[in-house]
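# A structural walkthrough
Residues per chain are reported as follows:
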Amino acid sequence: MRVAVLLSGRGSNFQAIHEAIARGELPAQIVCVISNRPDAAGLQRARDYGYAAHAIDHKLFASRAAHETEVLRVLDEARPDFIALAGYMRLLGAEFIARWRNRIVNIHPSLLPAFPGVDAQAQAVAYGVKVSGCTVHLVDEQLDAGPILVQRAVPVHEDDDASTLAARILSQEHAAYVEALRSLATRAWRVEGRRVVFS
Ligand code: GAR
């Protein structure tokens, strides 16, 4: 399975995918890494690993559509089976999503549909939930809302703040992302309504 990774920051989920492949636990190949932020640590990490790493700075484009046209061009060249959003902090336009329908995977640091959008861990702490976690899902036109592939739960402790909760969730994210990609790579699946059905 050929995977393109899109990221905007640290890139620890990208690193987890890379390491799972290196350990032989994920039958996949990372065919390119794209970041909308040239200074993203994850992009440097991708270069260090020897991947085709592309900085496509959204600030240099006149519109979201123009930026996405360039991202799509690089993706067309790399020919991935799946696009893995790994902390990619840009909304994708409807045309982009339609072009890659059910081939874009995202990870979000909450148990969706709770706490979509930014600062999900802070939202969870502020709400007072006792359990949170992460969700790996297919991307559709709604924000953080597509069919769910994998969820992992963690407890929220009395003395948690957003950063302690984020750290607890993050270690589950790495396993969840690998698990989701492994399922997509190795099992037959289809989307039925909101559900991803593996057979
Ligand atoms: C992760 O916690 C991921 O779930 C989150 O950004 C972080 C990226 O970390 N994504 C979102 O909030 C998307 N809405 P990483 O760069 O170390 O993988």
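This write-up is about the structure you can find in this document. (Residues numbered from 1 in each chain as written. Predicted model: local features only at pLDDT ≥ 70, side-chain atom pairs only at ≥ 80, totals over all residues. Heavy atoms only, no water.)

Turning our attention to the site of the ligand. Taken together, Arg 10, Gly 11, Ser 12, Asn 13, Gly 87, Met 89, Ile 107, His 108, Pro 109, Leu 170 and Glu 173 are the residues near the ligand. The contact in question runs from an oxygen atom of the ligand to an N or O atom on the backbone of Gly 11, over 2.7 Å. Summarising the interface, the protein chains cover 88% of the accessible area of the ligand, which totals 450 Å² for the free molecule. A per-class count over the shell around the ligand returns four nonpolar, five polar and two charged. (Near = heavy atom within 4 Å. Polar contact = N/O pair within 3.5 Å; in protein donor to acceptor, adjacent residues only side chain to side chain. Areas by Shrake-Rupley, 256 points an atom, 1.4 Å probe, with all protein chains shown as cover. Nonpolar A, V, L, I, M, F, W, Y, C, P; charged D, E, K, R; others polar.)

A cis amide bond links Leu 112 to the next residue, Pro 113, at an omega of 15°. Along the polypeptide, Pro 113 turns up in the loop between β5 (104-108) and α5 (120-127). Located in the positive-phi region is Phe 115, a residue other than glycine, with phi close to 55°. For Phe 115, a relative accessible area of 13% corresponds to the buried category. (Helix = DSSP H or I, 4+ residues; strand = E, 2+ residues; numbered from the N terminus. Buried < 20%, exposed > 50% of the residue type's maximum accessible area, 1.4 Å probe, protein only.)

Right, let's get into the side chain of His 18. Tracing the sequence through the fold places His 18 in helix α1 (residues 12-22). Excluding residues that lie within four positions of it along the chain, His 18 makes contacts with Ile 30, Tyr 49 and Tyr 51. (Contact = heavy atoms within 4.5 Å.)

It is worth spelling out the packing of α5 against helix α6 (residues 162-186) at this point. Where α5 meets α6, the axes come as close as 9 Å, and the angle between the chain directions of the two elements is 120°. As for how α5 packs across α6, the hand of that crossing is right-handed. Here Gln 121, Ala 122, Ala 124 and Val 125 of α5 lie close against α6, whose contacting residues are Ala 162, Leu 165, Ala 166 and Ile 169. Residue composition of the contact of α5 with α6, by class: seven nonpolar, one polar and no charged. (Axes fitted to C-alpha atoms, helices over the stretch in contact; angles between N-to-C directions. Left-handed = near helix turned anticlockwise from the far one by under 90°.)

The subject of this paragraph is the packing of α1 against helix α2 (residues 41-49). To describe two helices that pack against each other, one gives the angle between their axes and the distance between the axes. Between α1 and α2, the least distance of the axes is 9 Å, while the angle of their chain directions is 25°. Between α1 and α2, the interaxial angle falls into the category roughly parallel. Viewed along their axes, α1 and α2 form a crossing whose handedness is right-handed. From α1, Ser 12, Phe 14, Gln 15, His 18 and Glu 19 reach across to α2, where they touch Gly 42, Arg 45, Ala 46 and Tyr 49. The residue makeup of the contact of α1 with α2, split by class, is three nonpolar, four polar and two charged. (Parallel < 35°, antiparallel > 145°, perpendicular 65-115°, else oblique.)

So, on to the nonpolar core. Membership of the largest hydrophobic core comes to 39 residues, with the highest contact counts inside it found for Val 33, Val 136, Leu 149 and Tyr 177. Those residues in contact with Val 136, other than ones at most four positions away along the chain, are Val 105, Asn 106, Ile 107, Ile 148, Leu 149, Val 150, Ala 176, Tyr 177 and Ala 180. Within the second largest apolar cluster, 20 residues are counted, among which are Val 71, Ala 78, Tyr 88 and Val 139. (Core = buried A, V, L, I, M, F, W, Y, C linked by side-chain atoms within 4.5 Å.)

Next up on the list: the pattern of salt bridges. One pass over the structure, following the stated rule, counts nine salt bridges. One salt bridge connects Glu 158 with Lys 130, and the closest N-O pair in it is separated by 3.6 Å. Remark: Lys 130 occurs in the loop between α5 and β6 (131-138) and Glu 158 occurs in the loop between β7 (148-155) and α6; sequence separation between them is 28 residues. A relative accessible area of 75% means that Glu 158 is categorised as exposed. On the basis of relative accessible area, Lys 130 is assigned to the exposed category, the value being 55%. A salt bridge links Arg 190 to Glu 192; the nearest nitrogen and oxygen atoms lie 2.7 Å apart. Judged by relative accessible area, which is 40%, Arg 190 ranks as partly exposed. Salt bridges sharing common partners tie together Glu 70, Arg 73 and Glu 77. (Salt bridge = Lys/Arg side-chain N within 4 Å of Asp/Glu carboxyl O.)

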